[in-house]
Amino acid sequence: MQAIYAYTQAEGSDYLLALDQIGEDFAPDLNSMEVQDKKLLEGKKQIATLLFKEWHETKKFETDETDKEIIGAVNRAIGWYQNQLKKDYSAYANQMVGAVERIYDHYLATLQILQLLVSLIEEEEEKKEKRFTESKGPNVKQFLRNTVVQRILANKSYQEHIIRRSISWGSDISEIRLAYKNVLKQDEAFLNYLALPEPTPEDDLEITKHIFKNIIFKEKNLQSLFEEQDLNWFENKAIVKSLVNKTVKLFGEETAGEDLKLLDLSANWEDDKAFFEELYHQTLQDDEKYEALISGSVKNWDVERVASLDKIILKMALCEMHIFRSIPVKVTINEYIEISKLYSTPKSKQFVNGVLDKMAQELSTKGDIRKSGRGLIDNK
């Protein structure tokens, strides 16, 4: 949805920039030694602008105009506009995939915080040894023996993913250092864990879960850092958190061996990737078709007054109903109602629900929406 919204915004900007190009074509040449006829240039600009706008609405460029300057300016504007749209179309599709794949990078980086904590503790203990300083306070070295942490950091799958995807906190490690010093080392649950004579595997699991749940995913400075790294952290946090929690639980099992694999972004990532790529492409390619369907369905409502996000949500839902036969109609409607609640206006939920329910019934009756397999399930 965000990729489609970004593309539609870029489409509007490209249109205005194409008009600006026409304006530049007929701007007076200030370096020319000849006298510029500003009125004539302004007249040509206005004619070229009207021709471009007409082409934009009809996608046809037929005119009786014979002025080569005007025809040339319009053709250049059309060519630039079309090329820019192609670039934007591909760019936002790639950004969409990249943004989803970066969620996995955040998952790996979050796990890597365990590695940073271990390094900070080892660094701290090394300094004490060099200074012959007697250890005071809690025995932080106890965390180094945490079986869950050891299993994760020694895991080949984890190590390979970190290297292949070049996961590193870089200069941001200073924020982890502050969180360790000012938050973790003052945390009551962590101090109680360090005070245990011999922590059990269950103790190791619980403290690891606690560190992620109550410190890494809650500490304000760390959350600000995550938000800087990911503009969509508000939406992606739940996914990363779920992956991390499942991973900790997995490595907390006594049967966890060295050959254990890290979780994938989803159960069938390649299928999911193909799904939203097709949804993006088909929604935009059939934009006029879905625009017409929406206009016909909201006859008592000016379609131009429908919130732009609501229209995108409706178009995506219609596209999903048409091309993904294995997805039940009710599942699609419920999904897009949830999306409207998160991203659009307070009244969008009822609007999207009403329009989609009505359109789904009409299109199914006409045979325009055909389902098969699991898609035939009517999950009311």
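Look a little higher up for the structure.
Read on for a plain summary of the structure. (Residues numbered from 1 in each chain as written. Predicted model: local features only at pLDDT ≥ 70, side-chain atom pairs only at ≥ 80, totals over all residues. Heavy atoms only, no water.)

Now for the overall build of the chain. Secondary structure summary: the chain contains 15 helices and zero strands in total. A globule of 380 residues ought to have a C-alpha radius of gyration of about 21 Å, yet the chain, at 29 Å, is considerably larger. Once the C-alpha set of the chain is aligned to its principal axes, its extents read approximately 90 × 70 × 35 Å. A sequence separation of at least 24 residues applies to 72% of the contacts in the chain between residues at least 6 apart. Carbon and sulfur atoms make up 50% of the accessible area of the chain, which totals about 22,500 Å². Across the chain, 52 positive and 65 negative side-chain charges occur, with their mean positions spaced 3 Å apart. (Helix = DSSP H or I, 4+ residues; strand = E, 2+ residues; numbered from the N terminus. Rg over C-alpha atoms; globule rule 2.2 N^0.38 Å. Contact = heavy atoms within 4.5 Å. Areas by Shrake-Rupley, 256 points an atom, 1.4 Å probe, with all protein chains shown as cover. Lys, Arg positive; Asp, Glu negative; His and termini not counted. Charge placed at Lys NZ, Arg CZ, Asp CG, Glu CD.)

So, about helix 12 (residues 287–297). Every buried residue belonging to helix 12 is among Tyr290, Glu291, Ile294 and Ser297, and all of these are buried. Looking straight down helix 12, one finds its buried side chains confined to an arc of 130°; they lie on one side. Opposite its buried face, helix 12 presents the exposed residues Glu288 and Ala292, each directed more than 90 degrees away. Check the buried side of helix 12 and you find it contacts helix 11 (269–285), helix 13 (308–323) and helix 15 (348–366). (Buried < 20%, exposed > 50% of the residue type's maximum accessible area, 1.4 Å probe, protein only. Arc of directions from axis to C-beta.)

In terms of nonpolar packing, the biggest core is built from 103 residues, with Phe52, Tyr107, Phe143 and Tyr280 touching the most fellow members. Per element, the largest residue contribution to this core is 24 residues, and it comes from helix 3 (residues 68–130). In this structure tyrosine 280 touches Ala3, Ile4, Tyr7, Asp88, Tyr89, Tyr92, Ala93 and Met96, once residues within four positions along its chain are discounted. (Core = buried A, V, L, I, M, F, W, Y, C linked by side-chain atoms within 4.5 Å.)

The subject of this paragraph is helix 1 (residues 2–25). Here helix 1 is 24 residues long and its end C-alpha atoms lie 35 Å apart, about the 34 Å a rise of 1.5 Å per residue gives. If you check which residues of helix 1 are buried, you get Ala3, Ile4, Tyr7, Ala10, Asp14, Tyr15, Ala18, Leu19 and Ile22. (Expected span 1.5 Å × (residues − 1).)

Turning our eyes to something else, we now look at the environment of threonine 283. Within the fold, threonine 283 resides in helix 11. With a relative accessible area of 2%, threonine 283 lands in the buried category. Residues threonine 283 and leucine 225 lie 58 residues apart in sequence; the distance between their C-alpha atoms is 34 Å. Dropping the residues within four chain positions of it, threonine 283 is found in contact with Ile4, Tyr290, Lys315, Met316 and Cys319. A distance of 2.6 Å separates a polar side-chain atom of threonine 283 from the backbone oxygen of leucine 279. (Polar contact = N/O pair within 3.5 Å; in protein donor to acceptor, adjacent residues only side chain to side chain.)

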